[in-house]
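Working through the structure, step by step
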Amino acid sequence: MKNNHSRIRPIPSAVVVGILFALVMVTGQSLAETGGFSQMLGDASRAAISLVKFLLYAAAFSFLLSVLFSWLDGRGRPEPGSRARHAGPSRAGRLRGFADRHVFGLSLALLAVCWGAYIVAFAPGTLTYDGARSLNQFCAGAPLENHHPVLMNLLYGLLMHAGRVLGSDNWGIFLIVAFQAAVLACALSAVLAESRRRGLPLAIAALAALYFALFPAWGVLAQDAIKDTLFFAVLAWFMLRLACVSAPLEGFAPVGAREWALLAVSGALVALTRNNGIYLVAPALLALALVLLARRGKGGGASWRPAAVALASVVVAYVALTSFVYPACGVDMREEKEMLSVPFQQTARIVAEHGDGVSEGERAAIDAVLPYDRLAELYDPDLADPVKESYKLHNSKIEGSFEYADAHPEALGGYLRAWLGLALRHPACALTATAANTYAYFYPGEVVDVDGSRPVLLVGWQTDGAIAAAYDVSYLMPAGAVARASTAVWATLGAPGMGYLYSPGVYVWLLVVAVAYLIHARRWGALVACVPPVMLMLTVLAGPLNGHLRYVMPMIAVLPLLWSLAFSGKGRSGR
């Protein structure tokens with residue numbers, strides 16, 4: 001009798017991911033416990049133990065991924081509509097068929113019920129620091145700036161003014177929260193419905209729906225007045241449109257002008273509702289145009305020109321608003337410090353560890369931009385904000401910084417030259433600074449809270465102080481009830497196994513594995529849909545905070561869609 005079980009062979013992309021995972025597991029433990037690499041490289045015995053761990057992790061993960069990829073290769077995608085037809089006459093089959101036909105509605109109802117509990121418990125919603133800063137531009141006369149995107153600030157202002165018409169600031173916060181939560185719930189439900197249509201197993205789709213409904217981070221986000229909630233929905237919409245044109249389903253109508261128009265509009269919204277949004281959209285549309293051009297060159301596929309038009313439309317709209325319209329309306333666009341977390345952290349660590357080797361010229365160049373004598377004190381391996389907020393140029397939090405920047409136009413260039421020279425002389429220290437500020441995005445199970453200054457969950461308090469002085473907002477429930485609800489939510493952080501759900505590293509590896517499989521399967525169109533979440537992670541790694549779950553939640557929102565691209569199709573499609 002013929003053996004149908006062929007021997008599992010190592011798959012190159014699986015082996016590469018296995019090696020990277022092993023490297024992260026070994027280095028991540030050292031960085032988590034010591035803030036550096038001393039635990040793994042302190043002496044010969046530690047280095048030997050680290051090497052053994054590395055080899056075991058690499059072998060195990062490479063094998064498991066090779067098995068997974070081989071299994072996915074053998075799957076075939078059922079024809080559209082076949083799942084419901086073959087659900088079977090039994091009651092269980094009819095229920096399965098009903099669930100299959102109503103993924104969107106069932107998911108939306110589940111999210112409404114579960115998130116509604118948070119919205120009621122913390123009504124009218126939590127006014128976060130970022131939410132107050134967004135409101136201040138159109139409700140409190142704060143100077144216009146694009147630190148939080150102006151379009152988002154305008155929406156917040158309109159909803160707050162509408163709430164005041166209804167009678168109070170509490171109504172304004174409630175309108176913001178209700179609008180954002182409803183839009184995000186619809187977006188996640190659409191992602192789950194599309195994922196199921198593309199072949200994601202119903203059990204996995206159901207688990208994803210339960211995760212979005214029951215995992216506290218999503219319920220808390222639903223009652224937060226914070227720009228992230230709406231951005232997650234906008235990005236999900238763009239991802240759905242991108243998948244529609246980059247990996248169209250067989251048997252459905254060809255991609256038409258409507259789909260391309262929706263892709264361009266959704267891409268423009270992503271670019272204009274998050275300052276790193278343009279870096280997510282432009283590379284994705286460029287990759288789409290190149291893939292379509294390559295297909296056309298082989299005598300098949302759609303024209304690449306609509307993708308080029310969509311790319312040009314998004315870029316033109318973005319440049320027109322941010323370079324001409326916003327400045328003409330008095331919006332200050334000068335906040336380059338948000339892009340300098342990596343050099344700032346490297347500079348601070350080098351000064352702290354190798355200050356004796358810094359020349360007078362380098363010291364003066366650094367001091368023109370950052371307070372040199374305070375860098376060692378300000379340096380926090382997990383958080384770049386203490387150093388970043390001491391930036392002397394174009395810093396809205398430092399009085400007179402814009403005038404100082406105008407008087408010292410050469411300061412930033414001199415600092416960057418000094419930083420580069422120090423980083424080249426002390427590469428190990430510079431690498432350690434960046435690794436210590438990013439490792440928790442890859443090390444599963446690690447949750448970084450930075451002493452509560454950047455909490456994982458924004459719930460159970462209202463922003464106070466000068467940033468929110470213009471608003472009269474308070475929880476409607478009795479203080480004791482709010483405190484108990486808040487304590488219950490926070491208790492989930494310490495529950496057994498929950499640390500992995502709160503850890504960004506778990507979700508990042510789900511993204512990496514999906515990308516690796518699509519590369520193995522040569523599904524280039526599907527791989528285009530992975531560009532935005534990959535670019536999101538690259539911008540997050542250049543950001544200020546190590547391992548913050550909120551920064552990767554936009555990527556988590558579309559993970560079911562990305563994995564549906566791996567489940568759909570038959571083996572190595574070459575598409």
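Each remark here, short or long, concerns the structure printed above.
To keep things clear, this report deals only with the structure shown in the data block. The shown structure was predicted, so the numbers you read here are calculated from the model rather than taken from an experiment. (Residues numbered from 1 in each chain as written. Predicted model: local features only at pLDDT ≥ 70, side-chain atom pairs only at ≥ 80, totals over all residues. Heavy atoms only, no water.)

A word on the nonpolar core. The tendency in soluble globular proteins is for nonpolar side chains to be buried side by side. One finds W218 and L549 to be the most contacted residues of the largest nonpolar core, which totals 142 residues. The element that contributes the greatest number of residues to this core is helix 12 (residues 227–246), accounting for 13 residues. In contact with L549, other than residues within four places in its own chain, are F215, A217, V456, L501, Y502, P504, Y507 and I556. By size, the runner-up hydrophobic cluster in this structure holds 28 residues, among which are F344, A348, V358 and V387. (Core = buried A, V, L, I, M, F, W, Y, C linked by side-chain atoms within 4.5 Å. Buried < 20%, exposed > 50% of the residue type's maximum accessible area, 1.4 Å probe, protein only. Helix = DSSP H or I, 4+ residues; strand = E, 2+ residues; numbered from the N terminus. Contact = heavy atoms within 4.5 Å.)

Let us look at the state of the cysteines. On inspection of all chains with the given rule, the structure shows zero disulfides. The thiol sulfur of C114 is not disulfide-bonded, and the nearest other cysteine sulfur, from C186, lies at 15 Å. Relative accessible area serves as the criterion here: at 15%, C114 is assigned to the buried category. Among the cysteines around C329, which has no disulfide bond, C139 carries the closest sulfur, lying 17 Å off. (Disulfide = S-S within 2.5 Å.)

In this structure, S568 sits in the segment after helix 29 (559–567). A polar contact of 3.3 Å, which involves the side chain of S568, links it to the backbone oxygen of L565. (Polar contact = N/O pair within 3.5 Å; in protein donor to acceptor, adjacent residues only side chain to side chain.)

In this model, A123 is joined to P124 through a cis peptide bond whose omega is 5°. Relative to the elements of secondary structure, P124 occurs in the loop between helix 6 (103–121) and strand 1 (126–127). With phi around 45°, H394 is a residue other than glycine that occupies positive phi space. Its location among the elements puts H394 in the loop between helix 19 (385–388) and helix 20 (401–407).

A separate point is the pattern of salt bridges. Tallied over the full model, the rule gives 15 salt bridges. A salt bridge links R274 to D228; its shortest N-O distance comes to 3.2 Å. Here D228 lies in helix 12 and R274 lies in the loop between helix 13 (257–273) and helix 14 (277–297), a separation of 46 residues in the sequence. When sorted by exposure, R274 lands in the same class as D228, which is buried. With a closest N to O distance of 3.6 Å, E338 and K337 form a salt bridge. For E338, a relative accessible area of 27% gives the class partly exposed. Through salt bridges with shared partners, a single network forms among K337, E338, D385 and K388. (Salt bridge = Lys/Arg side-chain N within 4 Å of Asp/Glu carboxyl O.)

Within the element layout of this structure, P201 appears in the loop between helix 9 (169–197) and helix 10 (202–214). Sequence separation between P201 and S30 is 171 residues, and the spatial gap between their C-alpha atoms is 38 Å. Setting aside chain neighbours within four positions, we find P201 in contact with R75, R196 and F567.

Structurally, the position occupied by T492 is in the loop between helix 23 (479–491) and helix 24 (498–501). Within the structure, T492 has its side chain in polar contact with the backbone oxygen of V489 (distance 2.5 Å). Those residues in contact with T492 that sit more than four places away from it in its chain are P216, M498 and Y502.

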